[in-house]
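# Chain and residue survey
Here is how the chains run, residue by residue.
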Amino acid sequence: MLASGLNGITLRVNGRDHELAVAANVTLLEALRENLGLTGTKEGCGHGDCGACIVLMDGHAVNACLVLAVDASGRDIVTIEGLAEGGQLHPLQQAFLDKGAVQCGFCSSGMMLSAKALLDANPDADAELIRRELSGVLCRCGTYPRVIEAVLSVENGINRSGGEG
Amino acid sequence: MSVIGKSITRVDGVDRVTGRLQYAVDTVLPRMLHAAVVRSTKAHARIQRVDVSGARAMPGVHAVITGQDVPCLIGGMIADQPFLATDKVRFVGEPVVAVAAETELQAQMAADRVIVEYEDLPAVFDMEEALAPGAPLVHEQPSSYRRIAKCQAHDGSNLCHLHEFTTGAEGVERAFAQAERVFEDTFAVPAVSHTAMEPFAAVAVCNPVSGEYTIWAATDAPHRRLSEIAAALGIGSEKIRIIVTAMGGGFGGRGAAIAEMLAVALAKFTDGRPVKVVFSREEVLAASQTRVAAKLTVRTAVTTDGRILARAADMLWDNGAYTSKSPEVAARGGMTVVGPYRVPNISIRSRLVYTNKQPSGAFRGFGTTQTSYACEVHMERIAVELGLDPLEFRLKNGYVEGDSHFCGQRLTGVGLAESLKRAAASVGWGRQKPVVGPGKRYGRGIACMIKGTNTPTVSSCIVRLVADGRLHVLTSSVEIGAGQKTVMSQFAAEASGVTIESVRVSQPDTSVTPFDFGCTSSRSTFHMGNAIRLACEDMRARLFVTAASVFGLPAEGFDLTDSVLSHASGLTLGLREALKKMGARGFEFMGQGTYTPAGSPLLKRDPGNTADDSIFWLFVTHAAEVEVDMETGRVRVLHIAAAHDLGRAINPLNCIQQIEGSVVMGSSLALLEELKLDRGRVCNDSLLDYKISSSEDMPERIDPIIIESDNPEAPWGAKGVGEPAAAATAPAIANAVHAACGVWLRDMPFTPERVLAAIMAQATPEKTVDGHRSS
Ligand code: FES
Ligand code: FES
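Residues numbered from 1 in each chain as written. Chains lettered and ligands numbered in written order. Predicted model: local features only at pLDDT ≥ 70, side-chain atom pairs only at ≥ 80, totals over all residues. Heavy atoms only, no water.

On to the overall build of chain B. Each helix and strand counted, chain B has 18 helices and 32 strands in total. Scaling as 2.2 N^0.38, a compact globule of 775 residues should have a C-alpha radius of gyration of about 28 Å, and chain B matches this with 27 Å. Taken over the C-alpha atoms alone, chain B extends approximately 85 × 75 × 55 Å along its principal axes. Here chain B holds 775 residues, and the buried ones make up 65% of them. (Helix = DSSP H or I, 4+ residues; strand = E, 2+ residues; numbered from the N terminus. Rg over C-alpha atoms; globule rule 2.2 N^0.38 Å. Buried < 20%, exposed > 50% of the residue type's maximum accessible area, 1.4 Å probe, protein only.)

See below:
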């Protein structure tokens, strides 16, 4: 703990380390949005009910509103801002656009990062599994059918380009 | 190359998928303060004492204000809502004190120190009780409120608004008296939350010298919000500027100054520092606005061979404590209870009632999620009891091209019959029922609806063709998430002749972008589409006149297509090059367009008729396949076929998004959603307890079917698509449940408990109310 009563932490976000001083009760969501200005991660409820705040922590999808920033210290965090690499959209981002899986977009970062965690663990998830695994992200615009199609299309893309699967 | 009818990818798509869009909740300004709100814990009480001294002494606090500090009343139709409660509170959750502090936490901690003492008053929650003589009055003197002419005050009563319509009382009476059969049903539709995923949020700053306000807001109609706020503050509209942010969905919920009102109230007291208000999810669910809960009684007179002779409806609509757009929902929305049918005799009474509950307002479909449910389940029962095929019964009475609407308007572009037939075919209508598992029953159901648009309203647009060949479209049509910017870009490219990549659609800013009535009533595509078309034609005319003099050719022969300027004489030039030749640096070509359907020949109707006409009518049919679990009452929606007559699809993928998305919402409303109240207090104020459809709850299969029809005034044929789907899904499901297991569902939502109770009640023989004439 620092003299200020705050905790010194190192947040590794999208491949970069950030030294932060945060109170013990600050959530990862607050640290990302307020301390780092990474507002692509959204708050839809603050209680773990909506999935808008989902980010990847060591490759797993977590609700950033339920994780304390101090507990995220030293872990590897990926937010929506870090999904595109080398000036190229991630295949999931491209597929979400092409298949119309984004409407207002407020749930989309949570949706895409959940989908990434799912695909990383399970590269040929079928529609049923996708539907079940993404059920933690609420989308009032009702993009679910498009999301499932988008995720499936990425899998097929991977298959076509000779990846395992 | 035409871009109409193409599924152009969202023009702001890259920002949308990379987390770069700035929503209202993301707004950050230098020296910005954060707000917290103390809300009423009482449904109806006199405020005895407010002690803010403890709050003022807390660290980081800049302003703590009460209703005395902002004696303002707001409301687009009836200005009955104080920014902060003054003498009394009228619903649990009403804002009483607002705090602005350096951080959200400091604001919240200060808010916790505020002491409010109340003296309880008797409260009313039930609409019928509220209308009974001697009921406690939610508002003592409604006539003292500023209001629009069509909203008459009813002092001494909780009646907020009365709307009546009849084609002729005598005719209606005679039709009912002489009819072979008369049917009557009463339906209840609960209050639900729009539940846009982005909570309400706004930032406001007030210049302490000029008194001018700038507001960053996620609102569906910035120019109208501006007038509402200006009127409430009693200042000129020139003193307010609204800058629209990206927004995380609307669904009608962004049709009032909900967070804006609180940000504006505080901004006056912070020495020019901006104040940000963000609602918690609990506040969104319990203390913002809901769909209007309704109780709808529908009566119909028919011949035994299924001809509709008369329809009477008596409807109660729950306004809650304050008035937003519900008078219009009860009035114009209420008229859709007649459905898309030829009915010669109509009598409608719609009463909007004040109660001590969270206010209600517009909700996707503007009354049709209530009326279409009532109309279509009622229609189904008539068909079943007359032994008619429900599809045939609807086709027999449904509007066809050239029919007269009951407002007297001749209907143009009626895709109803096709929508009925195609939706029915998609679910295998008339075919044998598939076999389902033990303890399960299968059923098919169908429901159709009609939805007009608020008419006449105005949209204006300015286009600027600038030196680098880009076309800037200045419009106040908001991108609410449905893809408006993309469709506007398609219109602008098509109408101007520049490539779609050259088009930039502005973010609305009331100090820059011209008036638009708003992103409501499924109107943006049609109205702004026409305004863009006019603006582009205007711009092209100017461009060609200048081109004629620069190139020494007659203006008539010029054309601009795909950003290439050409002339019949053979001249062909890239647009940028042409523009370079045509003017000094900074030279641009502008065009202006204002569209209103007022005066359109399509609106011709009977003189003296008081029903609303509409510049376009949307026709929709949903057909459902369900499986009912007879043990648990659980309804599984296997399939929804959603056929939408939307004129023409400008961007088919966007249309599919709208249709699928609203089917997901519609089935969510049908099966899951209801704000549960205990003496006015919302009990399920979290997304855990107020459940909306997740990917697992949605129908297992959704088939969007696009039906095209001709409306001569529609821009490139497009009518609209945003609202209707949310309305037709519930009755289709209810009717499918009846087909499966024989129970009528007259209360939404169709929870397992409710369905099971209906199944059990049916199993025990009940006395039949089917008299010789009335049933
Ligand atoms: S904000 Fe974290 S789950 Fe809703
Ligand atoms: S796209 Fe709007 S909430 Fe999912």
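Okay, the side chain of Q93 of chain A next. Tracing the backbone through its elements, the reader meets Q93 of chain A in helix α3 (residues 91-98). Engagement of the side chain of Q93 of chain A in a polar contact is seen with the backbone oxygen of V17 of chain B, the distance being 2.8 Å. (Polar contact = N/O pair within 3.5 Å; in protein donor to acceptor, adjacent residues only side chain to side chain.)

Residue and element names in this part refer to chain B. In this structure the tally under the stated criterion is 51 salt bridges over all chains. With a shortest N-O distance of 2.8 Å, R470 and D468 are connected by a salt bridge. The class for D468 is partly exposed, based on a relative accessible area of 27%. The partner of E627 in a salt bridge is R636, and the shortest N-O contact between them spans 3.2 Å. (Salt bridge = Lys/Arg side-chain N within 4 Å of Asp/Glu carboxyl O.)

Turning to the interface of chain A and chain B, a few remarks are in order. Taken together, the contact between chain A and chain B spans 39 residues of the former and 53 residues of the latter. When the buried surface of chain A facing chain B is broken down by residue, Q103, R131 and R140 of chain A rank first, second and third, together holding 24% of it. Taken together, chain A and chain B are joined by 4 salt bridges. A salt bridge links R146 of chain A to E660 of chain B; its shortest N-O distance comes to 2.8 Å. Summed over the shared surface of chain A and chain B, the result is 23 residue pairs in polar contact (both at pLDDT 80 or more). Those elements that provide at least two residues to the side of chain A that touches chain B are α3, α5 (127-133) and α6 (144-160) of chain A. Its residues assigned to classes, the side of chain A that touches chain B shows 18 nonpolar, 10 polar and 11 charged. (Contact = heavy atoms within 4.5 Å. Buried area = accessible area lost by both parts, 1.4 Å probe. Nonpolar A, V, L, I, M, F, W, Y, C, P; charged D, E, K, R; others polar.)

This part is about the domain arrangement of chain B. Residue and element names in this part refer to chain B. In terms of domains, chain B is made up of domain 1 (24-121 + 198-248 + 254-286), domain 2 (290-454 + 604-761) and domain 3 (457-595). When each unit is reduced to the centre of its C-alpha atoms, the spacing between domain 2 and domain 3 is 39 Å. If you look at the interface, domain 2 gives 26 residues, while domain 3 gives 21 residues. Each partner contributes to the roughly 1700 Å² buried at the junction of domain 2 and domain 3, and carbon and sulfur atoms together form 58% of this total. On the domain 2 side of the interface with domain 3, the three residues burying the most area are N454, P715 and W716, jointly 34% of the side's total. The interface formed by domain 2 and domain 3 includes 0 salt bridges. For the pair domain 2 and domain 3, the number of links is 8 residue pairs in polar contact (both at pLDDT 80 or more). If one sorts the elements of the side of domain 2 that touches domain 3 by residue count, helix α16 (residues 652-671) sits on top with 3 residues. Here the residues of the side of domain 2 that touches domain 3 sort into 10 nonpolar, 10 polar and 6 charged. (Domains from an automatic or database assignment.)

The subject of this paragraph is the confidence of the model for chain B. All names here are of chain B. Confidence in the prediction of chain B, expressed as mean pLDDT, is 96, and 99% of residues score 70 or more. Here residues 767-775 is a poorly scored stretch, pLDDT under 50, and it has 18 contacts once near neighbours within four places are set aside; other chains count. Across the assembled chains, the prediction reports ipTM 0.96 with pTM 0.96. (pLDDT = per-residue confidence, 0-100.)

Residue and element names in this part refer to chain B. Taken across its 12 residues, strand β28 (residues 618-629) has 12 buried, putting it largely inside the fold. The alternating pattern of β28 places L618, V620, H622, A624, V626 and V628 and F619, T621, A623, E625, E627 and D629 on opposite faces, both of which are buried. Looking at chain direction, β28 and strand β29 (residues 635-647) are connected through 10 bridges and run antiparallel. Residue A624 lies in a different strand from β29, and its bridge partner there is I640. Linking β28 back to β29 in an antiparallel pair, the connection comprises 5 residues, with G633 at a positive phi of about 80°. (Pairing = 2+ DSSP bridges.)

The accessible area lost on association of the parts is a frequent measure of interface size. Residue and element names in this part refer to chain A. Entries for chain A in the domain assignment read domain 1 (6-82) and domain 2 (91-155). Taken over C-alpha atoms, the centre of domain 1 sits 21 Å from the centre of domain 2. In this complex, domain 1 contributes 17 residues to the contact, which on the side of domain 2 involves 12 residues. Summing both sides of the interface, domain 1 and domain 2 together bury roughly 1100 Å²; the carbon and sulfur share of this comes to 67%. Along the contact surface separating domain 1 from domain 2 lie 0 salt bridges. Our enumeration of links across domain 1 and domain 2 arrives at 2 residue pairs in polar contact (both at pLDDT 80 or more). Broken down by element, the side of domain 1 that touches domain 2 gets its largest block of residues, 3 residues, from strand β3 (residues 54-57).

It is worth spelling out the packing of aromatic side chains at this point. All names here are of chain B. Across all of its chains, the model carries 11 aromatic pairs over all chains by this definition. A centroid spacing of 5.4 Å and a plane angle of 70° characterise the contact between F187 and Y373, whose relative ring orientation is edge-to-face. Placement of F187 in strand β10 (residues 181-189) and of Y373 in helix α10 (residues 368-385) is noted, with a sequence separation of 186 residues between them. When sorted by exposure, F187 lands in the same class as Y373, which is buried. (Phe/Tyr/Trp six-rings, centres within 6.5 Å; stacked < 30°, edge-to-face > 60°.)

Our next topic: the nonpolar core. Ranked by size, the top nonpolar core spans 218 residues in total, and within it F96 of chain A together with F83, V626, I733 and F750 of chain B carry the most contacts. When residues no more than four places from it in sequence are discounted, the contact partners of F750 of chain B are Y373, A670, L671, A730, I733, A734, L745 and V755 of chain B. V487, M488, C536 and I615 of chain B belong to the second largest nonpolar core, which has 46 residues in total. (Core = buried A, V, L, I, M, F, W, Y, C linked by side-chain atoms within 4.5 Å.)

Moving on, we come to empty space enclosed by the protein. Residue and element names in this part refer to chain B. With the rule as written, the count across this model stands at 7 cavities of 30 Å³ or more. Taken as a whole, the largest cavity holds about 190 Å³ of empty space. Put simply, the parts of the chain that give the lining of the largest cavity at least two residues each are α9 (326-333) and β20 (440-451). Its residues assigned to classes, the lining of the largest cavity comprises 7 nonpolar, 9 polar and 4 charged. Lining the second largest cavity are 13 residues, with H194, T195, A196, F200 and V284 sitting closest to its centre. (1 Å grid on protein atoms, 1.4 Å probe; cavity = no way out; pocket = protein on both sides within 12 Å on 5 of 7 lines; lining within 4 Å. Points joined across faces, edges and corners; volume = space filled by probe spheres on them.)

For the rest of this paragraph, the subject is the sheet that holds strand β14 (residues 275-278) of chain B. All names here are of chain B. Taken together, 7 strands build an open sheet; the order of strands is β3-β7-β1-β14-β11-β12-β13 and the sheet is mixed. Looking at strand neighbours, the two that pair on one side only are β3 (61-66) and β13 (240-244), the edges of this open sheet. Taking each pair of neighbouring strands and ignoring which way they run, the sheet shows an average axis angle of 25°. Of the strand pairs in this sheet, strand β12 (residues 213-217) and β13 are connected by 5 bridges, and their pairing is parallel. For Y213, the partnering residue across the bridge sits in β13 and is I240. Sheet strands touched by helix α3 (residues 104-112): β1 (33-39), β3 and β7 (95-101). Its angle to β1, the strand with the most contacts, is close to 25°. Against the sheet, helix α6 (residues 222-233) engages β12 and β13, with an angle of about 145° to β13. (Axes fitted to C-alpha atoms, helices over the stretch in contact; angles between N-to-C directions.)

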